[in-house]
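One letter stands for each residue in the lines below.
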Amino acid sequence: MSDKKKYTNIGRSVPKLDAVEKATGKAVYPQDTNLPGMLYGKILWSKHPHAEILKVDTTEAQKLPGVKAVITAKDMPPTKLGFAQDNPPLKGDKVRSLRDEVAAVAAVDEDTAEKALEMIKVKYKPLPPVFDPEEAMKEGAPQIHAEAKGNRNKLHYAFEYGDVDAARAASDVVVKHRFKLPWVKHCCLAPYSCVARWDESGKLTMYSPTQIPFLYQRDLANILQMPSSKIRVIQPTIGGAFGSKLDLYPNEVICAVLAKKAGQPVLLTYTREEEFKCTPSRQPVIADIEMGAKKDGTLTFRDVFFILDNGAYTSWGATIPYVLMNSVTSLYKCQNIRFDTAIIYTNNMYSGAMRGYGNPQGTFVVERMMDILAEKLGLDALELRLKNCNQPNEVTPQGFKVTTCGLRECLETVAQRLDWKNKRNKGQKETGTLRRGVGLASYIHVGGGARVYRSDGCGAIVKVDDFGHVTLITGSTEIGTGTETVLAQITAEELGVHAEDVTVVNDDSAIKPWDVGIHASRTTFIAGNAAREAAAKVKAEILKTASELLEEPENKLEINDRKVYPKKNPEKTLEIGKVIRKAHFRQHGQAFMAEAFYDPPTEMEDEDYRGNISVTYGFGTQGAEVEVDTETGQVRVLKMVIANDVGRAINPMLLEAQLEGGLSMGVGYALLEKLVVEKGEVLNPSFLDYKMPTVKDMPPVEIVLIETDDPGGPYGAKGIAESGTIPTAAAIGNAVANALGLHLFELPMQPEVVLKAVKAKLAKRD
Amino acid sequence: MMKHRLNLRVNKQDFEVFVKPKTTLVDLLRDELGLTGTNKGCGTGECGACTVLMNGNAVNSCLVLAVEADGAEITTIEGLASEGRLDPLQQAFVDEGAIQCGFCTPGMILVAKDFLEKNPQLREEDYKTAISGNLCRCTGYVKIVKAIKKVAEGE
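About the criteria used
Residues numbered from 1 in each chain as written. Chains lettered and ligands numbered in written order. Predicted model: local features only at pLDDT ≥ 70, side-chain atom pairs only at ≥ 80, totals over all residues. Heavy atoms only, no water. Helix = DSSP H or I, 4+ residues; strand = E, 2+ residues; numbered from the N terminus. Rg over C-alpha atoms; globule rule 2.2 N^0.38 Å. Buried < 20%, exposed > 50% of the residue type's maximum accessible area, 1.4 Å probe, protein only. Contact = heavy atoms within 4.5 Å. Areas by Shrake-Rupley, 256 points an atom, 1.4 Å probe, with all protein chains shown as cover. Lys, Arg positive; Asp, Glu negative; His and termini not counted. Charge placed at Lys NZ, Arg CZ, Asp CG, Glu CD. Axes fitted to C-alpha atoms, helices over the stretch in contact; angles between N-to-C directions. Parallel < 35°, antiparallel > 145°, perpendicular 65-115°, else oblique. Nonpolar A, V, L, I, M, F, W, Y, C, P; charged D, E, K, R; others polar. Phe/Tyr/Trp six-rings, centres within 6.5 Å; stacked < 30°, edge-to-face > 60°. Lys NZ or Arg CZ within 6 Å of the ring centre and 35° of its normal. Pairing = 2+ DSSP bridges. Core = buried A, V, L, I, M, F, W, Y, C linked by side-chain atoms within 4.5 Å. 1 Å grid on protein atoms, 1.4 Å probe; cavity = no way out; pocket = protein on both sides within 12 Å on 5 of 7 lines; lining within 4 Å. Points joined across faces, edges and corners; volume = space filled by probe spheres on them. Domains from an automatic or database assignment. Buried area = accessible area lost by both parts, 1.4 Å probe. Salt bridge = Lys/Arg side-chain N within 4 Å of Asp/Glu carboxyl O. Patch = residues over 30% accessible without salt bridge, like charges linked within 9 Å, V, L, I, M, F, W, Y side chains within 5 Å. Polar contact = N/O pair within 3.5 Å; in protein donor to acceptor, adjacent residues only side chain to side chain.

*Asks:* Describe the overall build of chain A, naming the residues involved and giving the relevant values.
*Replies:* Secondary structure summary: chain A contains 19 helices and 28 strands in total. For 766 residues, the compact-globule estimate of 2.2 N^0.38 gives 27 Å, and chain A sits close to it at 27 Å. A burial count over chain A gives 65% of its 766 residues as buried. Summarising the internal contacts of chain A: among those between residues at least 6 apart in sequence, 80% fall at separations of at least 24. Of the roughly 27700 Å² of accessible surface on chain A, 50% is carried by carbon and sulfur atoms. Across chain A, 95 positive and 99 negative side-chain charges occur, with their mean positions spaced 1 Å apart.

Below you can see the structure in the form of structure tokens.
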């Protein structure tokens, strides 16, 4: 960058501020909580995927010594959870999936709680279930919610732009395919755990790993029918989130109600099996997609219909088309778009938010089709993308106002690092049963917040004490990604101190200002701008006092390395702490603190899904080189390349760490991970049977950071935390297709899937 | 249920404890001794988060019954730093960005410790084998491998 200033903190790979606590085992996760009198909670899950509950008898369980509370739907307020308000925390009249909560127990230890669960007698009247969303859509299918006709969720996402039918007629080439993508799991290493504690005045404190402390506080108040001012949310160290804690779920409500009934604090921790079976998963989709182009490669139209298995209740999974739509409407330029969805209730577990929020699904479908389209056109897949590449200052069909855009550079960088010219087009040498190929895929994602709620804001309070120590109180949450370190760097840069001088407070709703939550890759951008604004206000006050002391006008002063000095006379320095003490310990003294609330200049999408929801958009490309064994169906990723438009790297090390971690999740999505769900039951609820990547599955990665210096971002930064996951499966899928000369339409590309396709191709040839 | 008495040495401190026959080492460490740095990710020996050193060998403490640890010498993550100085592996994990949510970190560090002590001549492929039984969802393992390599090569 030509205007690259000399920064003290920005662009520096500062180790995570919480890393030492974590490396020494001192970090306290919710499951480490130990309060006086604390009990252990357990949930009784349904025995049927679909049934009426005739009777729940807890008499025996209540008599067991050590049991302090047993609750059923009768102990619950009549309110329901979720975006569609269809999920009672404990089910009273009906169960709709095997992960339905029927009763719960709090006891002095886990053994007693488990024993008590076995003593609860539930009488069910089984109802016919339905597990396949396409079956559930048919007339006469079992009705899961009385008010949802044809099992259709009332949420419906449809978008239309241009004239798709005319564009189809005018296309030289049209391709159409169906894709099927699986249920996958977040696999947070820490099983979900929370603690509830009521005090004598009726106030509730929740120790929760939530990603949305303030929405959580509001939702919990609504469901418990109490004022939110009586709920305090403390966020202990969070052992993995990835979107899995983006909603308020029944377990936390149950924990609170158990604690109230028992009159003692309750810890409720899932087992790994419960974590697999009972927490919401990434939404599986069936996509019918049709795309067209002119002979010269100009994209003409996209026509897409997604069927989403919602499971039995509505959490954020049902709303993923909101983001899924982005890749369909806005990744590469295309002027005629039709997008439609059917979100269908089934008797499966319900789905939720997961890193990328629908974008990995959407990008997989669109980017696989770009390769298929290129093949049909006889064009190079890279050339097709470059021809239709997004550009700075473009407005997409959904009304996204692109500001900076490094996509062209990302595509070219990845192609160069993959040796695209030689490896893609000339074909690679075959060795026995091994075939090699290369492929690439890009993404567009929000990079400057996401106005999906009426507020996309975040508050910040900055104070500087008498010794120049800085405290940043931020509304945002640390889920392991390193946001608190990045925010400390931004604050420190603005105040002329070092990131290590900044203490970040971000874990208590009673202290920190409001934030919508840690999602949509928004924290560096939104919380960063808030922190910077608050720090700038304090800095102005410091300079004002320093100006009196140094007898120099404020605009002639510099603040750097914990000192204030005249620009022209850097020898004449004053320590920041000294400036503050001078202003503090005098008559009419002052304290140095300021607050800011940054709410980005964006708009919510209207009812037609148009609106500029983000200040800026993130772009990037991933490339894969793979080797496929045609005898075993095994896909080996030899190398991955990531080129990302990051705006500005505030902390290159932590930024790379986000991309690497995201990519490993994408590799799992591409090749390994699938929850096997049969008749509503998860058949592989363990790390042994559900294969998430180990170190051995992680390919070598090359990362190139493209800095476009976004004018809206703090020091030019864009959000990137989800981006590592988004295009990975598509890039690997395209490389596999290049290696084998055939196309796969499902994930994961496990050996049996690959082998089946290879055999089918051979059979065709014979 | 009858409880068993056992004596063990944890982080160079002697303990006498009474446990149920079914109590696992991880639960003993966490619930009885308050050493919550040992994290329980699965309870079935599949994720490695609860790794500790038992008589100098890395073990999944969820697969060890507490009674089996009678007379044993245990090192948990809390016992690794001495006199306020981090173990080189802990320091490398911090400096190289190998820690995100941190839940796998104690197990990763202890497994690496075990392997490096026994096999000082390891190559990169060997460190990978060493930690292949320990799962991490945040990092993609890249920086973890880098941190271990840094210590192995004495940088």
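Alright, that's what it looks like, and here's the rest.
*Asks:* So what's going on with the packing of helix α15 (residues 523–550) of chain A against helix α16 (residues 576–584) of chain A? Residues and values would help.
*Replies:* All names here are of chain A. Contact pair α15 / α16: the axes reach a minimum separation of 9 Å and the direction vectors enclose 85 degrees. With respect to their mutual orientation, α15 and α16 come out roughly perpendicular. Taken together, the residues of α16 that come into contact with α15 (itself represented by Ile542, Thr545, Ala546 and Leu549) are Ile576, Val579, Ile580, Lys582 and Ala583. Tallied by class, residues from the contact of α15 with α16 come to seven nonpolar, one polar and one charged.

*Asks:* Would you mind going over helix α5 (residues 142–152) of chain B in detail, with residue names and values included?
*Replies:* Of the positions making up α5(B), those classed as buried are Lys143(B), Ile144(B), Val145(B), Ala147(B) and Ile148(B). Buried residues along α5(B) sit against α17 (652–672) of chain A together with α2 (88–95), α3 (105–118) and α4 (124–130) of chain B. Of the residues trailing α5(B), Gly154(B) is marked for its positive phi of about 65 degrees.

*Asks:* Give me the lowdown on the packing of aromatic side chains, citing residues and values where you can.
*Replies:* Any two aromatic rings considered together are summarised by their centre-to-centre distance and by the angle between their planes. All names here are of chain A. Scanning the entire structure with this criterion turns up 16 aromatic pairs over all chains. Ring centres of Phe276 and Tyr690 lie 5.3 Å apart, and the angle between their planes is 55 degrees; this geometry places the pair in the tilted category. Placement of Phe276 in helix α8 (residues 272–278) and of Tyr690 in the loop between β27 (681–682) and β28 (701–706) is noted, with a sequence separation of 414 residues between them. Take Phe276: its relative accessible area is 1%, and that puts it in the buried class. These aromatic residues form a ring-pair network of at least three members: Trp45, Tyr192, Tyr249 and Tyr270. Lying over the aromatic face of Tyr313, Lys91 brings its terminal NZ or CZ to 4.8 Å of the ring centre. Against the face of Trp198 rests Lys260, its NZ or CZ located 4.7 Å from the ring centre.

*Asks:* Explain the sheet that holds strand β24 (residues 617–629) of chain A to me, using residue names and the numbers behind them.
*Replies:* Residues and elements named next belong to chain A. Within the open sheet, the four strands sit side by side as β16-β24-β25-β28. Their pairing is mixed. The two strands at the open ends of the sheet, each matched to only one other strand, are β16 (434–446) and β28. The average undirected angle you get between the axes of adjacent strands in this sheet is 15 degrees. Sheet analysis places strand β25 (residues 635–645) next to β28, joined by six bridges and oriented parallel. Residue pairing in the sheet places Met640 in a bridge with Val701 of β28. Sheet strands in contact with helix α12 (residues 407–418) are β16, β24, β25 and β28, and its direction is about 20 degrees off that of β24. Where helix α18 (residues 728–740) meets the sheet, its contacts fall on β16, β24 and β25, and the angle it forms with β16 comes to roughly 155 degrees.

*Asks:* How would you explain the nonpolar core if you had to name every residue and give the values?
*Replies:* Core analysis: the largest hydrophobic core is formed by 206 residues, its most contacted members being Leu204(A), Leu220(A), Leu224(A), Phe306(A), Val626(A), Ile732(A) and Phe93(B). Contacts of Leu224(A), omitting those with residues within four sequence positions, involve Pro77(A), Trp198(A), Leu204(A), Val253(A), Ala256(A) and Val257(A). Judged by nonpolar contacts, the second largest core, of 38 residues, contains Ala530(A), Leu550(A), Val564(A) and Phe592(A).

*Asks:* For empty space enclosed by the protein, give the residues involved together with the corresponding values.
*Replies:* Residue and element names in this part refer to chain B. Tallied over the entire structure, the rule returns eight cavities of 30 Å³ or more. Here the largest cavity defines a volume of roughly 50 Å³. Contributing to the lining of the largest cavity are 15 residues, with Cys101, Cys104, Cys136, Arg137 and Cys138 lying nearest its centre.

*Asks:* Can you lay out the domain arrangement of chain B for me, pointing to particular residues and giving the numbers?
*Replies:* Residue and element names in this part refer to chain B. Taken domain by domain, chain B consists of domain 1 (4–79) and domain 2 (88–152). A straight line from the C-alpha centre of domain 1 to that of domain 2 covers 21 Å. Listed as interface residues are 17 residues of domain 1 and, on the opposing side, 14 residues of domain 2. Interface area, domain 1 with domain 2, both sides summed: about 1100 Å², of which 60% is carbon and sulfur. Summed over the shared surface of domain 1 and domain 2, the number is zero salt bridges. When contributions to the side of domain 1 that touches domain 2 are tallied by element, the ones reaching two or more residues are β3 (51–54) and β4 (57–60). Here the side of domain 1 that touches domain 2 gets three residues from one element, more than from any other, and that element is β3. Split into classes, the residues belonging to the side of domain 1 that touches domain 2 amount to six nonpolar, nine polar and two charged.

*Asks:* So what about a negative patch on the surface? Which residues, and what values?
*Replies:* Together, Glu603(A), Asp606(A), Glu607(A) and Asp608(A) give the surface a local cluster of negative charge. By secondary structure assignment, the location of Glu603(A) is in the loop between β23 (592–598) and β24.

*Asks:* Got a sec to walk through unusual backbone geometry? Specific residues and values, please.
*Replies:* Residue and element names in this part refer to chain A. With omega at -10 degrees, the peptide bond leading from Leu747 into Pro748 counts as cis. Counting through the fold element by element, Pro748 comes out in the loop between α18 and α19 (751–765). Look at Cys187: it is not a glycine, yet its phi comes out positive at around 55 degrees. Phi at Phe242 is positive, roughly 55 degrees, even though this residue is not glycine. Within the secondary structure layout, Phe242 lies in the loop between β11 (231–234) and α7 (250–262).

*Asks:* Give me the lowdown on the environment of Lys761(A), citing residues and values where you can.
*Replies:* Residues and elements named next belong to chain A. Looking at the element boundaries, Lys761 is found in helix α19. With a relative accessible area of 28%, Lys761 lands in the partly exposed category. Distance from Lys761 to Val174, taken between C-alpha atoms, is 22 Å for residues 587 residues apart in sequence. Contact partners of Lys761, with chain neighbours within four places excluded, come to Leu740, Gly741 and Leu742. At a separation of 2.8 Å, a polar atom in the side chain of Lys761 contacts the main-chain carbonyl oxygen of Leu740.

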